[in-house]
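Listed below are the residues making up each chain.
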Amino acid sequence: MSGREAELAERLAVVRGRIADACALAGRAPGEVTLVVVTKFFPASDVRVLAGLGVTDVGENRHQEAEAKAADCASEGLRWHMLGGLQSNKAAAVTRWAHVVESVDRAKLVGRLDGGAAEHAADRGGAPLECLVQVSLDAPGAGSARAGVEPGGLAGLAARVADTEHLRLAGLMAVAPTDVEPARAFEELARVRETLLAEHPDARVLSAGMSGDLEEAIAVGATHVRVGRAVLGERPPNQ
Ligand SMILES: *Cc1c(COP(=O)(O)O)cnc(C)c1O
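From a predicted model like this one, the values you see are computed outputs, not experimental measurements.

Conventions used here
Residues numbered from 1 in each chain as written. Predicted model: local features only at pLDDT ≥ 70, side-chain atom pairs only at ≥ 80, totals over all residues. Heavy atoms only, no water. Helix = DSSP H or I, 4+ residues; strand = E, 2+ residues; numbered from the N terminus. Rg over C-alpha atoms; globule rule 2.2 N^0.38 Å. Contact = heavy atoms within 4.5 Å. Areas by Shrake-Rupley, 256 points an atom, 1.4 Å probe, with all protein chains shown as cover. Lys, Arg positive; Asp, Glu negative; His and termini not counted. Charge placed at Lys NZ, Arg CZ, Asp CG, Glu CD. Buried < 20%, exposed > 50% of the residue type's maximum accessible area, 1.4 Å probe, protein only. Salt bridge = Lys/Arg side-chain N within 4 Å of Asp/Glu carboxyl O. Arc of directions from axis to C-beta. Pairing = 2+ DSSP bridges. Right-handed = clockwise from strand over helix to strand, strands pointing away.

Asker: Which residues make up the overall build of the chain, and what values go with them?
Answerer: Counting secondary structure elements, the chain contains nine helices and eight strands. In terms of overall dimensions, the chain is globule-like: its C-alpha atoms have a radius of gyration of 17 Å, near the 18 Å expected for 239 residues. Once the C-alpha set of the chain is aligned to its principal axes, its extents read approximately 50 × 40 × 35 Å. Pairs at least 24 apart in sequence give 60% of the contacts found in the chain among residues at least 6 apart. Only carbon and sulfur atoms are counted for the fraction: they give 50% of the accessible area of the chain, which is about 10800 Å². The centroid of the 26 positive side-chain charges in the chain is displaced by 3 Å from the centroid of its 33 negative side-chain charges.

Shown next as structure tokens:
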């Protein structure tokens, strides 16, 4: 085992242990939570090591970097998640490599993603492209709001996704704001999710929780946690 492989194996074991403990506390089975390892800024060689350690899902936030890595790791059979803010003119392109697009936050993206997904339907064995609507947990009107549709706009956007032919509305994604306790932000997210499930009972995916707050997310029902630093180590600042 190389030094890097040993390092990743050790950190991965810690994260898997945290997920198992959080599931036990919440009375959930560990198999209910999928670990998406966020590999942005780390090389394809790390992605291959992770695949060898049993990681099935990886997340990226930049189209070009992700497309290159996905091509490099094509034989690993991984599921690639797009987590980053999407420019409208790049939306169709991400469907070339992404199996799940977690950052659908405005109506303008929906038609573009649907068009791209139609073009690459054969690559997915004809299955629709999974999409998560990203919802903002910032206080209403917060100036420098992060990406995400305000909860009030969720129903309309979710309906747009559900009405397409080549996209599947799989659920919700959110990032806890930095100025609120994650537990409180995720309780709000759980309420928002109930309103979505009332309309779209199959949209059961809840992608929430990162290196610092995966326990709080699992406590409110997260089905996917997106963990970068706790597995791979620190990224360059501000990424
Ligand atoms: C980078 C990123 C993560 C991973 O964050 P860590 O703190 O490194 O675990 C999760 N979700 C999104 C949307 C990200 O951009």
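Asker: Help me get a handle on the side chain of Arg235, residues and values and all.
Answerer: When you line up the elements, Arg235 lands in the segment after helix H9 (229-232). No salt bridge is formed by the buried Arg235. Its closest oppositely charged neighbour is Glu234, at 6.6 Å. With residues up to four places along the chain from it excluded, the contact list for Arg235 reads Lys40, Phe41, Phe42, Gly228 and Arg229.

Asker: Outline helix H6 (residues 154-162), supporting the account with residue identities and numerical values.
Answerer: Among all positions in H6, only Leu154, Leu157, Ala158 and Val161 are buried. Here the buried residues of H6 occupy an arc of 100° about the axis, which is enough to place them on one side.

Asker: Can you break down unusual backbone geometry residue by residue, with the values?
Answerer: Here Phe41, not a glycine, exhibits a phi torsion of approximately 75°, which is positive. With respect to the secondary-structure elements, Phe41 resides in the loop between strand E1 (34-38) and helix H2 (44-52). Its relative accessible area of 29% is what places Phe41 among the partly exposed residues.

Asker: Quick rundown of the pairing of strand E6 (residues 167-173)? Include the residues and the values.
Answerer: One face of the sheet, then the other: side chains in a regular strand alternate in exactly this way. Judged by how many residues are buried, E6 sits mostly within the fold: six of seven residues are covered. Of the strand pairs in this sheet, E6 and strand E7 (residues 205-207) are connected by three bridges, and their pairing is parallel. Bridge pairing in E7 links Gly171 to Val205. With helix H7 (residues 182-199) bridging E6 and the parallel E7, this β-α-β connection has right-handed handedness.

Everything listed is a geometric property; what it means functionally is a separate question.
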